[in-house]
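Chain by chain, the residues run as shown.
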Amino acid sequence: TATDLVLTIVERLRKHGVVSKFVEFYGPGLDHLSLADRATIANMAPEYGATCGIFPIDADTIHYLQLTGRAQQQIDLVAAYARTQGLYRDPTAPVPAFDEHLEMDLGEIEACIAGPKRPQDRVPLKAAHSAFNEAYQQMTQQPFSRRHEAETTIRGEPHTLKDGAVVIAAITSCTNTSNPSVMLGAGLLARKAIARGLKVQAWVKTSLAPGSRVVTEYLEHSGLLSDLAQLGFHNVGYGCTTCIGNSGPLLAEISQAIHQAKLTVSAVLSGNRNFEGRVHPEVRMNYLASPPLVVAYALAGRMDIDWKTDALGTDIHGQPVFLRDLWPSQHEIEQAVRSHVTPQQFTESYEKVFRGDAHWNSLVVQPATLYPWDPNSTYVRLPPYFAGIQKIPEPVTDWKRARVLAWLGDSVTTDHISPAGSIKTDSPA
């Protein structure tokens, strides 16, 4: 999937070093990448460290503008401007002059995940179970064979929660949830799982945050939205959710089991960031995966599953069901995209994007030139660094007697201290 490709690119570019650089993608491989796949790659630029990731304008770009309902006049203008400026991709033209060149064979991309705490820590799916065991041992200083477990009751039924349990499975983040191929792929996998009688494990908190309302439109049109919902992947909204720590609390009994048995549990999300403590304060190991794999891990309920030999469960006839039995073919995905993603969906959705729903329109707002701030608001009304600012800034001078505010290790970023998610201040009794 596009997710597997982008995780491979993140790993590769992080190793090479592209911080503060512009990365442009070119070559015959572009013939095999849809614009949605290219957008997925470009959107991960912060993860591979670049200032931006750029793709050239070509016939696929024009096709995407048509698909998304742009006016023909605008489409013609984009194509004419790009050609005039020498920005339109011509496969027969000489390769532009770049400072550095890297080569990647799309034929070598394999299914993978990344984790347990950085987007560049790619793990081939075929080795995911053994890599997880190694990561667990490094984190806990004990072999996985001696893992902890706790007996608990979830929604009135007894369950055993163990180290390595997947407690959050989220189809989330702008990177993947606007890409029709992976979203419809997740829905097709869910449909096949339901047909075989499989269910998501009771301790897994599931959610679906589409990249736009258009995604909901084509999932509904295909009937796959109800399949995802049947497995617990309900639409929770449009915007940053689990990826920035807004997954919400776990069930109280699960939180209690985690703390009492000191469990090391996991999250699997189709996001782009999985730094320590970012996804959820009670989840120590976090893995990035494609939307179909998020569904698969939710069905398994554990990170130590060997996808080659371990079954996800048994069907209504008592027969084992493996991932290979559920994975949709490329033909099935392409057919779903062709049948259910239409220009009309984009046109209608974009026309009413600023109208809002009944909740938004029912908000009472006082008419004013400036926003009437509540004097007791906890938001910063006037950023202090703007106080007394001059039109022409004073010249830069030396800092004297400054003190260190934070001394941080390697790869520590503002993502680790993002204030978007909740900050846990207590533990279950």
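Quick note: structure is the one above.
As a convention, each chain's residues are numbered from 1 in the sequence order in which they are written. Local features in this predicted model are restricted to residues of pLDDT 70 or higher, and side-chain atom pairs are both shown and tallied only at a pLDDT of 80 or more, whereas totals for entire chains, interfaces and linings draw on every residue. Only hydrogens and water are set aside when side-chain values are computed; all heavy atoms of the structure are taken into account.

Regarding the environment of Arg-302
- Secondary structure follows DSSP: runs of H or I at least 4 residues long count as helices, runs of E at least 2 residues long count as strands, and numbering of each begins at the N terminus. Mapped onto the elements of the fold, Arg-302 is located in the loop between helix 11 (291–300) and strand 11 (313–314).
- When its relative accessible area of 28% is taken as the criterion, Arg-302 is described as partly exposed.
- By definition, residues are in contact when any of their heavy atoms lie within 4.5 Å. Setting aside anything within four residues of it in sequence, one finds Arg-302 in contact with Gly-164, Ala-165, Val-166, Tyr-297 and Asp-310.
- Here Asp-304 takes part through its side chain, which lies 3.2 Å from a polar atom of the side chain of Arg-302. Classification of residues uses two cut-offs on accessible area relative to the type maximum, computed with a 1.4 Å probe and protein chains only: under 20% is buried, over 50% is exposed, and between them is partly exposed. Whenever a nitrogen or oxygen atom comes within 3.5 Å of another N or O atom, the pair is scored as a polar contact, on the condition that within protein one atom can donate a hydrogen and the other can accept it, and that pairs from neighbouring residues in sequence are kept only if both atoms are in side chains.

Here's the deal with the layout of surface pockets
- Taken as a whole, the largest pocket encloses approximately 1,100 Å³ of empty space.
- Only protein atoms enter the 1 Å grid used here. Points where a 1.4 Å probe fits but cannot escape make up a cavity, open sets with protein on both sides within 12 Å along at least five of seven lines make up a pocket, and a residue lines them when an atom lies within 4 Å of a point. Along the wall of the largest pocket there are 42 residues; nearest its centre are Ser-34, Ala-36, Asp-37, Asn-179 and Ser-181.
- Of all the secondary-structure elements, those providing two or more residues to the lining of the largest pocket are helix 1 (2–16), helix 2 (35–43), helix 4 (59–67), helix 7 (180–195), helix 8 (213–222), helix 13 (330–340) and helix 14 (343–351).
- Side-chain classes follow a simple rule in which Ala, Val, Leu, Ile, Met, Phe, Trp, Tyr, Cys and Pro form the nonpolar group, Asp, Glu, Lys and Arg form the charged group, and the remainder, Gly included, forms the polar group. Residue classes in the lining of the largest pocket are distributed as 24 nonpolar, 13 polar and five charged. Grid points are joined across faces, edges and corners, and a volume is the space filled by probe spheres set on the points.

Quick word on helix 2
- Taken together, the buried positions of helix 2 are Leu-35, Ala-36, Asp-37, Arg-38, Thr-40 and Ile-41.
- In this structure, the buried residues of helix 2 make contact with helix 1, helix 3 (45–48), helix 4 and helix 7.

Re the pairing of strand 7 (residues 166–171)
- With respect to burial, strand 7 is a largely interior element, six of its six residues being buried.
- Pairing between strands is defined by DSSP: at least two bridges between them are needed. As paired strands, strand 7 and strand 9 (residues 266–269) are joined by four bridges and run parallel to one another. Along strand 9, the bridge assignment pairs Ala-169 with Val-268.
- Handedness of the crossover joining strand 7 and strand 8 (residues 205–208) through helix 7: right-handed. Orient the strands so they point away from the viewer; a crossover is then right-handed if the path from the first strand over the helix to the second runs clockwise.

A short note on the side chain of Thr-172
- The topology assignment puts Thr-172 in the loop between strand 7 and helix 7.
- Not counting residues within four places of it along the chain, the set of residues in contact with Thr-172 comprises Thr-177, Ala-209, Thr-241, Thr-242, Cys-243, Leu-269, Ser-270 and Gly-271.

Notes on the pattern of salt bridges
- Think of a salt bridge as a Lys or Arg side-chain nitrogen and an Asp or Glu carboxyl oxygen that are within 4 Å of each other. All chains considered together, the criterion is met by 15 salt bridges.
- In this structure, Arg-191 and Asp-227 form a salt bridge, with 2.8 Å as the shortest nitrogen-oxygen distance. Taken together, the residues Arg-191 in helix 7 and Asp-227 in helix 9 (residues 224–230) connect sequence positions 36 residues apart.
- The class of Arg-191 is partly exposed, set by a relative accessible area of 34%.
- Relative accessible area serves as the criterion here: at 11%, Asp-227 is assigned to the buried category.
- As a salt-bridge pair, Asp-315 and Arg-196 come within 3.1 Å of each other at their nearest N and O atoms. Linking Asp-315 in the loop between strand 11 and strand 12 (320–321) with Arg-196 in the loop between helix 7 and strand 8, this pair joins segments that are 119 residues apart in sequence.

Points about the environment of Gly-86
- With respect to the helices, strands and loops of the structure, Gly-86 is situated in the loop between helix 5 (72–84) and strand 3 (112–114).
- Measuring from C-alpha to C-alpha, the distance between Gly-86 and Val-6 comes to 27 Å, with 80 residues separating the pair along the chain.

Some thoughts on the pairing of strand 10 (residues 285–288)
- In strand 10, alternate side chains face the same way, and those of Met-285 and Tyr-287 on one face and Asn-286 and Leu-288 on the other are all buried.
- Looking at chain direction, strand 9 and strand 10 are connected through four bridges and run parallel. Note that in strand 10 the partner of Val-268 across the bridge is Tyr-287.

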